[in-house]
Amino acid sequence: MTFEVEVAAAIGKRVSIRLRDGESFRDLLGVLQDENSLVKKDGTVARFTADEIAYFRVVPVFNRANHVTSDLHLYETASRQLQKIEGEQVRIYSCGPTVYRDAHIGNMRTFLLTDLIRRSLALNGVESIAVSNITDVGHMSENLDGSDSGDKVLEEAARESIEPLAIARRYEDRFHSDLAALNILPADFYPRASENIPEITAAIQELIEIGSAYIGSDGNVYFDARSSDSYGYISGNKLDSLKPGHRYEYVGDGGKNFHADWALWKLAGKRSEMIWESPWGPGFPGWHIECSAISLNLLGETVDIHVGGIDLRFPHHEDERAQTNALAGKEVVRNWIHGEHLLFEGKKMAKSSGNVLLVSDIAARGLDPLALRLALLENRYRSQIDMTWQSITAADATLRRWRKSMAEWGAGSEVKFDPEIHGHFMNDLETAKVILRLRAIERDESIGAQDKRAIFLFADQVLALNLDRGVEPEIAVELSDKTHQLLAARAAARAAGNWAESDRIRDLLSADGIEVRDGKDGQSWEIRS
């Protein structure tokens, strides 16, 4: 891709440029002076050619209106304390989806975490570069007995009698659609594991050469866990306390020197699909090595923030860190940030439990997908939450009310800085307190309508709930006489304090697709899609 047109149109604007510099990259941030030069913050001029550009973006202007703003602080897993996120340009790596199925709302909560970090940085005028990998090969599945049965993408392809890459691209497309539905900013790069095999094999070869990996007696290539002196830095799981027999990787890894070693490259064996040539024979990469190779290739030897779900802390991130640091010869990731688990209706989401909730399921009920975003924002990212249909439906009602209020408060685009809201964002993404602050502003009669709108718009730069979208027209629906009678009977039962009868009638209405809610003004209803 060439960037001549984009560069010419951006002269005089603040831009972020990544230049190819041999086998590595060089990043520039400053005001574009002309097609070949940029003025940096310190006043020096950096020169380049359009052919050198690997990445180009105009940095949005942020008007602080002379307000003193605090820096973003996040809870860092390894140090177990808040850490200040520093730098004019923050490099973020996020573990992306394994594209053999749709990402459920628990997965989406982790991707929302990266979005909140990026939007909060932007609120302070800080640029970010984000990379999120696409695992379309190498992630092995786990049987109920704890053994591994095979590559997840291959297994799903076999079940559906479809080519593996067709399966991967289908779910990758759905993943991007879900991100868009939740207003999650797309990453700058979405590298696929299957398209980075040369980078992965080169990384494995280097690990062998420096003594951090070896070819096992079975021909597979393994990382030598004992070569990492600080293994356990993130999770606290030290090698000397890990017992033999603990499942670390795939079954059949009988050629390892030490029980905690893990596979970097697996020989194909009987496998005939999704395999590549390598110096060690035809095969495929292990899961952990793709993140090391991809992050070093695209972000270099300093990653400011590495994001993932708490379930990835061990062994994935622990193994990834050991590999990456061995390759770079230094500590690469400055901050490990993890999002907590999400339950649905009191249980861990699982196909066997029949409670896996997708973004598309929310839209199918006639609810705004951004209601899920709001319901998630009402909890801090590192708190375990139990999501329910009731909480999502309540969030949908709040969204509708806020958008209606925003329309009533005017049509201005002015954004008013609110120090309390800003402080909550910067203090480890306390979005729940931001929501409480907005509810208080909404009720406060001493705040003018225009100011309310301007403050809501300020918060929505991070919340991204499309609060200024306007009110959607309501569709008139005719109810049957039977439904009217049931609604009237339920209202009478509630007035008489007959809660059992009220609940019975609610269930009858629900069976007919009528969702009933109770509030201070009585009962209301809507038809589920």
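As shown above, the structure is provided for reference.
Computed from a predicted model, the values in this text were never measured in an experiment.

A. Representation of the overall build of the chain in the model. Across its full length, the chain carries 15 helices and 22 strands. Relative to the 2.2 N^0.38 estimate, which gives 24 Å for 529 residues, the radius of gyration of the chain is 26 Å and therefore close to what a compact globule would have. Viewed in the frame of its principal axes, the chain has a C-alpha envelope of about 80 × 60 × 40 Å. Counting contacts in the chain only where the partners sit at least 6 residues apart, residues at least 24 apart contribute 70% of the total. Total accessible area on the chain is roughly 24,500 Å²; 49% of this is exposed by carbon and sulfur atoms. Looking at the chain, you have 62 positive and 82 negative side-chain charges, and the mean spots of the two groups are 4 Å apart.

B. The arrangement of unusual backbone geometry in detail. In this chain, Phe 314 is followed by Pro 315 through a cis amide linkage whose omega measures 5°. In this model, Arg 80 sits at a positive phi of 55°, which is unusual for a non-glycine residue. As for its position among the elements, Arg 80 is in the loop between strand E6 (73-76) and strand E7 (81-84). The phi dihedral of Asn 466 is positive, around 55°, even though this residue is not glycine. With respect to the secondary-structure elements, Asn 466 resides in the loop between helix H13 (449-463) and helix H14 (481-495).

C. Expanded view of the sheet that holds strand E14 (residues 262-267). Reading across the sheet, the four strands line up as E12-E13-E14-E15 and stay open at both edges, with antiparallel pairing between neighbours. Taken across any chain shown, the strands that pair with only one partner, and hence form the sheet edges, are strand E12 (213-215) and strand E15 (283-285). Going from strand to strand, the sheet's axes swing by 20° on average, the running direction of each strand aside. Relative to strand E13 (residues 221-223), E12 is paired through three bridges, and the arrangement is antiparallel. What sits directly across from Ala 213, in E13, is Phe 223. In this fold helix H7 (residues 313-328) packs onto E13 and E14, with an angle of close to 85° to the strand it touches most, E14.

D. The side chain of His 288, seen in detail. Tracing the backbone through its elements, the reader meets His 288 in helix H6 (residues 287-299). On the basis of relative accessibility, which here comes to 1%, the residue His 288 falls in the buried class. At 2.8 Å, the side chain of His 288 forms a polar contact with the side chain of His 316.

E. Region of interest: the nonpolar core. Residues Ile 117 and Met 387 are the most contacted members of the largest nonpolar core, which totals 74 residues. If you tally residues by element for this core, the top one is helix H2 (residues 105-123), at nine residues. Met 387 has contacts with Ile 105, Leu 342, Leu 343, Phe 344, Glu 345, Leu 372, Ala 375, Leu 376 and Ile 392, leaving out every residue within four places of it along the chain. Counting 42 residues, the second largest nonpolar core, distinct from the first, contains Ala 203, Ala 260, Trp 265 and Val 332.

F. The state of the cysteines, seen in detail. Summed over the entire model, instances satisfying the criterion amount to zero disulfides. Left unpaired, Cys 95 is separated from the closest cysteine sulfur, that of Cys 291, by 4.1 Å. The class of Cys 291 is buried, set by a relative accessible area of 0%.

G. Structural detail: the sheet that holds strand E17 (residues 336-339). Within the open sheet, the four strands sit side by side as E9-E8-E16-E17. Their pairing is parallel. Looking at which strands have only one partner, the edges of the open sheet turn out to be strand E9 (127-132) and E17. On average, adjacent strands in this sheet sit at an angle of 25° to one another, irrespective of strand direction. Of the strands in this sheet, strand E8 (89-94) and E9 touch H6, which is tilted by about 160° from E8.

H. Here's a closer look at the side chain of Asp 102. Here Asp 102 is to be found in the loop between E8 and H2. Among the polar contacts made by the side chain of Asp 102, one reaches the side chain of Arg 174 at a distance of 3.0 Å.

Rules behind the numbers
Residues numbered from 1 in each chain as written. Predicted model: local features only at pLDDT ≥ 70, side-chain atom pairs only at ≥ 80, totals over all residues. Heavy atoms only, no water. Helix = DSSP H or I, 4+ residues; strand = E, 2+ residues; numbered from the N terminus. Rg over C-alpha atoms; globule rule 2.2 N^0.38 Å. Contact = heavy atoms within 4.5 Å. Areas by Shrake-Rupley, 256 points an atom, 1.4 Å probe, with all protein chains shown as cover. Lys, Arg positive; Asp, Glu negative; His and termini not counted. Charge placed at Lys NZ, Arg CZ, Asp CG, Glu CD. Pairing = 2+ DSSP bridges. Axes fitted to C-alpha atoms, helices over the stretch in contact; angles between N-to-C directions. Buried < 20%, exposed > 50% of the residue type's maximum accessible area, 1.4 Å probe, protein only. Polar contact = N/O pair within 3.5 Å; in protein donor to acceptor, adjacent residues only side chain to side chain. Core = buried A, V, L, I, M, F, W, Y, C linked by side-chain atoms within 4.5 Å. Disulfide = S-S within 2.5 Å.

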